[in-house]
Amino acid sequence: MALSWNEIKDRALKFSNEWANETKERAEKDSFWNDFFNVFGISRRRVATFEEPVKKLSGNQGFIDLFWKGTLLVEHKSKGRNLDKAFEQATDYFPGLKEHELPKYILVSDFDKIKLFDLDERTEHEFHVSELYKNIKLFGFIAGYQKRTFKEEDPVNIKAAELMGKLHDQLEEFGYEGNHLEVYLVRLLFILFADDTSIFEKDTFKEFLDQKTNEDGSDLGALMAQFFQVLNTPKEKRLKNLDDHLNQFPYVNGKLFEEFLPIASFNSKMRSILLEASGLDWGKISPAIFGSLFQSVMNPEERRNLGAHYTSEKNIFKLIKPLFLDELREEFEKVKSSSKKLKEFHHKLSTLKFLDPACGSGNFLIITYRELRLLEIEILRELFKKGEQVLDISSILWLDVDQFYGIEYDEFAAKIAEVAMWLIDHQMNMRVSEEFGQYFARLPLKKAAKIVHANSLQTNWEDIVSKTELSYIIGNPPFIGSKLLDKIQREDMANIFSGVKNGKILDYVSAWYYKAAQYIQDTNIKTAFVSTNSVTQGEQVSVLWGEMINKLGVKIHFAHTTFKWSNEAKGKAAVYCVIIGYANFDTKSKKLFTYSDIKGEPSEISVKNINPYLANAEDLIIERRSQPICNVPKMAFGNMPLDGGNLIIDDIEKDEFLLQEPKAKPYVLPLISAREFLNNKKRWCLWLENINPNELRQMSTVLERVEAVKQFRLASKAPSTQKHAITPTLFRDRNRPETFIVVPRVSSENRKYIPMGFFDYNSIVSDTMLSIPNGTLYNFGVLMSEMHMTWVKYTCGRLKSDFRYSKDLVYNNYPWAREVSEKNQKKVEEKAQKVLDVRAEFPDSSLADLYHQLTMPPKLIKAHLELDKAVDLCYRPQSFTNENARIEYLFDLYNQYTEPLLNEKKRKQKK
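Residues numbered from 1 in each chain as written. Predicted model: local features only at pLDDT ≥ 70, side-chain atom pairs only at ≥ 80, totals over all residues. Heavy atoms only, no water.

Student: How do you make sense of the overall build of the protein chain when you look at a structure like this?
Tutor: Along the protein chain, the regular secondary structure elements total 33 helices and 26 strands. A buried classification covers 56% of the 911 residues belonging to the protein chain. Considering only contacts in the protein chain between residues 6 or more positions apart, those separated by 24 or more positions represent 73%. As presented, the protein chain carries roughly 41,000 Å² of accessible surface, and 47% of it is formed by carbon and sulfur atoms. Looking at the protein chain, you have 127 positive and 129 negative side-chain charges, and the mean spots of the two groups are 5 Å apart. (Helix = DSSP H or I, 4+ residues; strand = E, 2+ residues; numbered from the N terminus. Buried < 20%, exposed > 50% of the residue type's maximum accessible area, 1.4 Å probe, protein only. Contact = heavy atoms within 4.5 Å. Areas by Shrake-Rupley, 256 points an atom, 1.4 Å probe, with all protein chains shown as cover. Lys, Arg positive; Asp, Glu negative; His and termini not counted. Charge placed at Lys NZ, Arg CZ, Asp CG, Glu CD.)

Student: Even after reading the chapter, I still don't get the pattern of salt bridges, so can you show me in this structure?
Tutor: Side-chain pairing between opposite charges can occur once the charged atoms of the two side chains come close. Under the definition given, this model contains 44 salt bridges. A single network of salt bridges, built from pairs that share partners, joins Arg 373, Glu 376, Asp 400, Asp 425 and Arg 442. (Salt bridge = Lys/Arg side-chain N within 4 Å of Asp/Glu carboxyl O.)

Student: For this particular structure, what's the right way to read unusual backbone geometry?
Tutor: Outside of glycine, negative phi angles account for most residues, and trans bonds account for most peptide bonds. Put simply, Leu 443 and Pro 444 share a cis peptide bond, and its omega is -5 degrees. Tracing the chain through its elements places Pro 444 in the loop between α17 (411-436) and β9 (450-453). The phi dihedral of Asp 522 falls on the positive side, at around 60 degrees, and the residue is not glycine. Examined against the element boundaries, Asp 522 turns out to sit in the loop between α20 (510-519) and β11 (526-532).

Student: Even after reading the chapter, I still don't get the pairing of strand β19 (residues 683-686), so can you show me in this structure?
Tutor: For a regular strand, the rule is simple: side chains alternate between the two faces of the sheet. Pairing analysis gives three bridges linking strand β17 (residues 648-650) to β19, with the strands arranged antiparallel. Counted as the bridge partner of Asp 650 is Arg 683 from β19. As defined by bridge partners, strand β18 (residues 668-672) adjoins β19 across three bridges and the pair is classed as antiparallel. In the strand pairing of β19, Val 668 is matched with Leu 686. (Pairing = 2+ DSSP bridges.)

Student: Looking at this structure, how should I read the environment of Ala 225?
Tutor: Along the chain, Ala 225 falls in helix α9 (residues 220-231). Judged by its relative accessible area of 26%, Ala 225 is partly exposed. Sequence spacing of Ala 225 and Phe 260 is 35 residues, and the spatial spacing of their C-alpha atoms is 8.8 Å.

Student: I would appreciate a short explanation of the nonpolar core in the present structure.
Tutor: Considering soluble globular proteins, one finds that nonpolar side chains tend to be buried as a cluster. Counting 115 residues, the largest nonpolar core has Ile 473, Tyr 513, Trp 545, Tyr 582 and Tyr 805 as its most contacted members. Core analysis: the second largest hydrophobic core is formed by 57 residues, Phe 332, Leu 375, Ile 451 and Phe 563 among them. (Core = buried A, V, L, I, M, F, W, Y, C linked by side-chain atoms within 4.5 Å.)

Student: What exactly am I supposed to notice about the sheet that holds strand β23 (residues 764-765) here?
Tutor: Backbone hydrogen bonds hold the strands of a sheet together, and the pairing may be parallel or antiparallel. Judged by pairing direction, the sheet is mixed, and its four strands sit side by side in the order β17-β19-β18-β23 without closing on themselves. The sheet is open, and its two borders are formed by β17 and β23, each paired with just one other strand. Pairing between β18 and β23: two bridges, direction parallel. The residue of β23 that forms the bridge with Ile 672 is Val 765. Across the sheet, helix α22 (residues 651-660) touches β17, β18 and β19, and the angle it forms with β17 is around 105 degrees. (Axes fitted to C-alpha atoms, helices over the stretch in contact; angles between N-to-C directions.)

Student: Is there a simple way to think about the sheet that holds strand β4 (residues 105-109) in this case?
Tutor: Read across the sheet, six strands follow the order β1-β2-β3-β4-β5-β6 without closing on themselves; strand pairing throughout is mixed. Each edge of the open sheet is held by one strand with a lone partner, namely β1 (49-55) and β6 (123-128). Averaged over all pairs of adjacent strands, the angle between strand axes in this sheet comes to 30 degrees, irrespective of strand direction. Bridging between β1 and strand β2 (residues 61-68) involves six bridges; their strand directions are antiparallel. Each residue of the ladder has a partner; that of Val 54, found in β2, is Gly 62. Where helix α4 (residues 83-91) meets the sheet, it contacts β3 (72-76), β4, β5 (113-118) and β6, and its direction lies at approximately 140 degrees from that of β4.

Student: How do you make sense of the packing of aromatic side chains when you look at a structure like this?
Tutor: The description of an aromatic ring pair rests on the distance of the ring centres and on the angle between the ring planes. Per the stated rule, a full pass over the model turns up 56 aromatic pairs. Ring geometry for Phe 324 against Tyr 472: centres 5.0 Å apart, planes inclined by 40 degrees, an arrangement best described as tilted. With a gap of 148 residues between them, Phe 324 in helix α14 (residues 313-335) and Tyr 472 in strand β10 (residues 472-473) connect regions that are remote in the sequence. Both residues of the pair, Phe 324 and Tyr 472, belong to the buried class. On the basis of an interplanar angle of 40 degrees and a centroid distance of 5.8 Å, the ring pair of Trp 791 and Tyr 894 is categorised as tilted. (Phe/Tyr/Trp six-rings, centres within 6.5 Å; stacked < 30°, edge-to-face > 60°.)

Student: Please clarify how the state of the cysteines should be interpreted in this entry.
Tutor: Tallied over the full model, the rule gives zero disulfides. Distance from the sulfur of Cys 577, which forms no disulfide, to the nearest cysteine sulfur (Cys 796) is 17 Å. Cysteine Cys 630 is unpaired, with the sulfur of Cys 874 as its nearest cysteine sulfur at 13 Å. On the basis of relative accessible area, Cys 630 is assigned to the buried category, the value being 11%. (Disulfide = S-S within 2.5 Å.)

Student: Before we go on, may I ask you to explain the environment of Glu 491 in this structure?
Tutor: Tracing the backbone through its elements, the reader meets Glu 491 in helix α19 (residues 487-496). Classification of Glu 491 by relative accessible area gives partly exposed; the value is 39%. Between the C-alpha atom of Glu 491 and that of Leu 457, which follows or precedes it by 34 residues, the distance is 9.9 Å.

Student: I would appreciate a short explanation of the packing of helix α7 (residues 178-196) against α17 in the present structure.
Tutor: Helix-helix packing: each pair is described by the crossing angle between the helix axes and the interaxial distance. The N-to-C vectors of α7 and α17 enclose an angle of 10 degrees; their axes lie 10 Å apart at closest approach. In terms of orientation, α7 and α17 fall into the roughly parallel class. Residues Asn 179, Glu 182, Val 183, Val 186, Leu 189, Phe 190 and Phe 193 of α7 form the contact with α17, whose own contacting residues are Glu 411, Phe 412, Lys 415, Ile 416, Val 419, Leu 423, His 426 and Gln 427. A class-by-class count of the residues in the contact of α7 with α17 yields nine nonpolar, three polar and three charged. (Parallel < 35°, antiparallel > 145°, perpendicular 65-115°, else oblique. Nonpolar A, V, L, I, M, F, W, Y, C, P; charged D, E, K, R; others polar.)

Student: I'm lost on helix α30 (residues 822-840) in this one. Help?
Tutor: The periodicity of an α-helix, 3.6 residues per turn, causes residues three or four places apart in sequence to face the same way. In this model α30 runs 27 Å from its N-terminal to its C-terminal C-alpha over 19 residues, within 8% of the 27 Å that 1.5 Å per residue would give. Among the residues of α30, those classed as buried are Val 828, Lys 831, Ala 832, Val 835, Leu 836, Val 838 and Arg 839. One side of α30 carries all its buried residues, which in axial view fall inside an arc of 165 degrees. Facing away from the buried side of α30 by more than 90 degrees, the exposed set consists of Glu 822, Lys 823 and Ala 840. Residues of α30 that are buried sit in contact with β22 (757-760), α27 (777-783), α31 (847-850) and α32 (858-875). (Expected span 1.5 Å × (residues − 1). Arc of directions from axis to C-beta.)

Following this line, the structure appears as structure tokens:
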């Protein structure tokens with residue numbers, strides 16, 4: 001068992017006193033280092049060797065003074081010798097060492113001074129032997145104690161995952177696969193971690209591999225099977241003649257080593273991989289990150305983007321801080337001066353229970369537990385700050401892993417989550433050990449997080465944890481679009497949203513929102529999920545939040561508006577997310593986190609209410625409407641050809657077509673589709689609406705195309721398409737107004753404004769566009785303004801991250817300014833024309849060029865800013881300062897427009 005820090009300090013002081021005045025130089029180098037290791041309760045003979053032979057880079061034979069493979073290399077000199085040269089000599093040995101043997105630390109000494117080099121952190125510390133006891137924590141790695149900071153992509157995490165992936169592939173290649181392989185690797189994960197973090201005496205497993213197994217790996221599988229059995233057996237029940245090396249390992253329990261596994265077959269390459277893995281510093285590895293990395297290496301398709309899909313700690317904090325952590329820390333600050341209140345607060349922490357109903361490999365649970373344990377340490381620090389001795393640390397630690405629950409569809413991920421919770425628990429126990437100078441570890445394992453392998457949407461959460469006991473629901477459920485669901489997922493959605501109108505349009509993540517809302521009815525449970533921003537956009541809002549707010553009484557307590565999914569791993573996942581925290585009761589303290597840059601940091605504001613569009617406005621649901629709520633021109637869909645491409649003519653083939661069929665020229669018109677409109681390209685169509693049959697019969701090439709349209713429509717399985725076969729000369733839709741404004745149905749997120757334009761009767765608008773027949777310059781000006789674009793951002797759906805403009809949802813619900821003065825209207829028209837004029841100054845640039853955030857000309861930016869101001873003044877006498885102010889105003893105006901419509905609808909329903 002590891003010594004406490006107090007014991008180590010006492011031994012260090014004794015060592016310093018004995019060696020500080022030593023002047024003899026006989027075989028005392030051996031004695032010096034034997035005594036040095038004894039300070040930490042470690043036998044030097046067990047971990048390190050003197051005079052280790054090694055080939056230098058020059059090819060000459062060298063001897064390392066003292067060598068602990070994979071951990072420490074010592075170069076010892078006579079008193080007064082140059083220690084920097086000693087360090088250079090130590091590094092000269094590196095070329096002759098194997099990868100897993102390379103040390104993390106170099107220690108040089110001359111009996112008088114000690115100099116320690118941390119090669120990972122690139123730090124060095126020098127002090128006199130007499131001051132060892134003052135610097136003792138620098139050597140925590142010897143005793144198994146060491147504070148670590150975890151980066152979101154620590155190279156050790158990645159390296160460890162890659163090595164385990166290699167081992168996975170080798171075992172699988174030899175036929176060791178399925179559940180047995182998964183359990184085997186999870187056990188190795190625990191063992192490697194235990195070997196570096198004082199669960200086992202440091203490096204005993206690495207020594208076991210190195211000294212007790214054949215280099216060709218032939219006996220490794222059998223010895224590992226025996227090793228697993230030893231870890232599952234209490235010491236008093238083990239065989240009396242068991243190898244001493246094996247017998248020194250503790251009894252683990254926790255059912256981790258209970259299942260019988262077939263004996264695996266190893267070779268020299270696999271043994272080397274395992275040795276290299278054991279040479280890494282697993283004390284540096286974050287269970288929160290590594291769990292997901294470890295899971296991903298088992299999938300060859302995911303391995304190329306190793307680390308891309310775990311939720312970063314940064315994003316986890318965005319959820320847990322406003323959900324509970326900030327509140328708990330505030331409470332701690334209020335009560336810490338009172339011992340009685342502090343103990344009550346400590347007890348409260350020990351009763352909190354957490355559920356992640358899509359926990360993956362446990363990231364949210366792990367980070368949550370870690371932060372609560374850190375808070376517990378601060379509580380204990382306050383309670384015992386007067387220096388009272390703690391005889392039994394276990395009696396003052398009240399938080400444990402059994403306060404945490406998870407549901408996970410992937411059995412392997414569920415196993416990892418359970419083990420990772422033990423690992424983070426042990427890391428926190430080591431923190432406590434450092435704090436109180438007394439070693440503490442929970443062995444044998446008696447409690448575990450309850451991680452259930454199941455389909456969360458088919459499981460009664462009450463069977464996992466009673467809602468009368470639960471405090472919080474957290475997590476990031478699967479991000480799968482409604483059109484990408486497999487058969488089982490579609491069945492899940494059908495069951496969850498049975499009886500919910502239009503439930504089929506919802507993305508998969510919606511089911512967790514809805515099921516949690518049902519589960520928390522009549523409770524004080526708070527819930528928060530990270531999800532794709534689709535749940536706050538477009539038609540999904542009215543379907544999902546219409547049910548959750550109007551029928552289940554949900555209130556949003558905090559939210560992060562759209563931000564770009566970010567983690568520091570390579571192969572980042574390009575996802576646009578929101579975080580929404582909600583409960584079945586209201587609160588006065590609501591927080592909204594908004595992003596001026598979706599890749600940047602949020603601004604936090606206190607708000608009166610957060611609606612389903614994540615705006616500081618009243619709860620409202622915007623539903624599809626066939627007519628505008630304001631007195632404005634109606635918007636129409638463009639014209640769908642439904643022709644199999646036969647009525648469309650590319651710009652390249654137009655001239656050749658007209659050479660063959662010159663009489664068709666009056667019927668070949670520009671086709672305005674989104675791609676061509678935005679990219680300054682041309683496309684044409686055959687518009688045969690009013691053609692004389694006699695003319696048509698004289699155009700054989702046109703007739704061939706018409707015949708092809710007819711056959712295309714007849715071949716369709718859809719009756720609605722087949723019926724149009726009787727009019728093969730015509731587009732399915734035939735809207736051809738005198739003048740019209742065009743609006744692309746999809747536009748890039750990289751544009752501050754959706755580019756729109758004017759056309760007339762001589763052009764045909766395609767179905768990739770929406771049109772406003774007879775739209776005015778004033779209409780154009782308002783729709784091209786930041787005011788309208790703010791409405792678009794909050795209410796339209798998205799195609800990936802691009803805007804998907806909707807006639808019925810966005811345009812027909814847009815609240816236009818009321819009672820606009822003639823002066824203000826003319827100002828908008830003037831500034832709108834200025835925008836068109838500036839565009840015309842760049843004839844060789846497409847609208848995609850002109851409206852890209854990085855290439856938009858300064859003149860056009862200025863013209864739009866002037867237009868924005870003119871539109872703002874139509875709504876109120878002063879301009880809006882930010883997007884939040886705009887959307888709050890627009891939602892309020894929307895309510896003013898729709899309240900009479902809603903009352904009228906209710907009156908009709910009563911009749």
